[in-house]
Amino acid sequence: MKKSSNSSDNWEDLCEKCGICCFEKIENDNGTIFFTATPCRYLDVVTRECKIYPRRFEIYPECVQLTETLVQKLNWLHDDCGYRKAFGLKRRT
Ligand code: SF4
């Protein structure tokens, strides 16, 4: 992986490459999110890396670009996500 002091690289370095966010999710009527065992078609399930990462928004527009605001707002990022941990976000009740 490319390393530099570029700020966007620093942001992306927060990702711990668990790949969990790249699995399909279902939300029930109560707003509870359940992760399925179905990965995004572009996730390499062995390496847990996106196979189209540099062009993901062009090829798959549904892919979400995480921002500081979104990380604090999204209800489907799990608590061990590197971005949530970086902001010290606690478990939701
Ligand atoms: S859940 Fe968070 S740490 Fe894991 S791959 Fe997604 S963005 Fe990266």
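Small disclaimer: the values here were computed from a predicted structure and weren't measured.

**Q** Can you tell me about the overall build of the chain, naming the residues and giving the values?
**A** For the chain, the count of helices and strands is four helices and four strands. Along the chain, from the amino end to the carboxyl end, the secondary structure elements read α-β-β-β-β-α-α-α. Expressed along its principal axes, the backbone C-alpha trace of the chain runs to roughly 40 × 30 × 25 Å. Among the 93 residues that make up the chain, the fraction classed as buried is 3%. Across the chain, contacts joining residues at least 24 apart in sequence account for 28% of those joining residues at least 6 apart.

**Q** So what's going on with the site of the ligand? Residues and values would help.
**A** Every residue near the ligand is listed here: Cys15, Glu16, Lys17, Cys18, Gly19, Ile20, Cys21, Leu77, His78, Cys81, Gly82 and Tyr83. In the shell around the ligand, the residues fall into seven nonpolar, three polar and two charged.

**Q** Can you explain the pairing of strand β1 (residues 23-27)? Please cite residues and give values.
**A** Both faces of the sheet carry side chains from a regular strand, because those side chains alternate between them. Across the five residues that make up β1, only a small minority, zero, are buried. In the sheet, β1 pairs with strand β2 (residues 33-39) via four bridges, with the strands oriented antiparallel. Directly across from Lys25, in β2, lies its bridge partner Phe35. From the end of β1 to the start of β2, which pair antiparallel, there are five residues, and Gly31 there has a positive phi angle of about 85°.

**Q** Account for the environment of Glu68, naming residues and giving values.
**A** Relative to the helices and strands, Glu68 is located in helix α3 (residues 68-73). Along the chain, Glu68 and Thr38 lie 30 residues apart, while their C-alpha atoms are 26 Å from each other.

**Q** A description of the environment of Gly82 should follow, citing residues and the corresponding values.
**A** Inspection of the secondary structure puts Gly82 in helix α4 (residues 82-86). The spacing of Gly82 and Lys17 is 65 residues in sequence and 8.6 Å in space, taken between C-alpha atoms. With sequence-adjacent residues up to four places away left out, Gly82 is seen in contact with Leu14, Cys15 and Glu16.

**Q** An account of the confidence of the model for the chain is requested, with residue identities and associated values reported.
**A** Scored by pLDDT, the chain comes out at a mean of 89, with 90% of its residues at no less than 70. Confidence, read as mean pLDDT per element, is least for helix α1 (residues 7-12) in the chain (83) and greatest for strand β3 (residues 43-44) (98). Of the regions scoring below 50 in pLDDT, residues 1-5 engages in three contacts with residues more than four places distant in sequence or in other chains.

So, how was this worked out
Residues numbered from 1 in each chain as written. Predicted model: local features only at pLDDT ≥ 70, side-chain atom pairs only at ≥ 80, totals over all residues. Helix = DSSP H or I, 4+ residues; strand = E, 2+ residues; numbered from the N terminus. Buried ≥ 20, exposed ≤ 12 C-beta atoms within 10 Å, placed from the backbone. Contact = placed C-beta atoms within 7 Å. Near = placed C-beta within 6 Å. Nonpolar A, V, L, I, M, F, W, Y, C, P; charged D, E, K, R; others polar. Pairing = 2+ DSSP bridges. pLDDT = per-residue confidence, 0-100.

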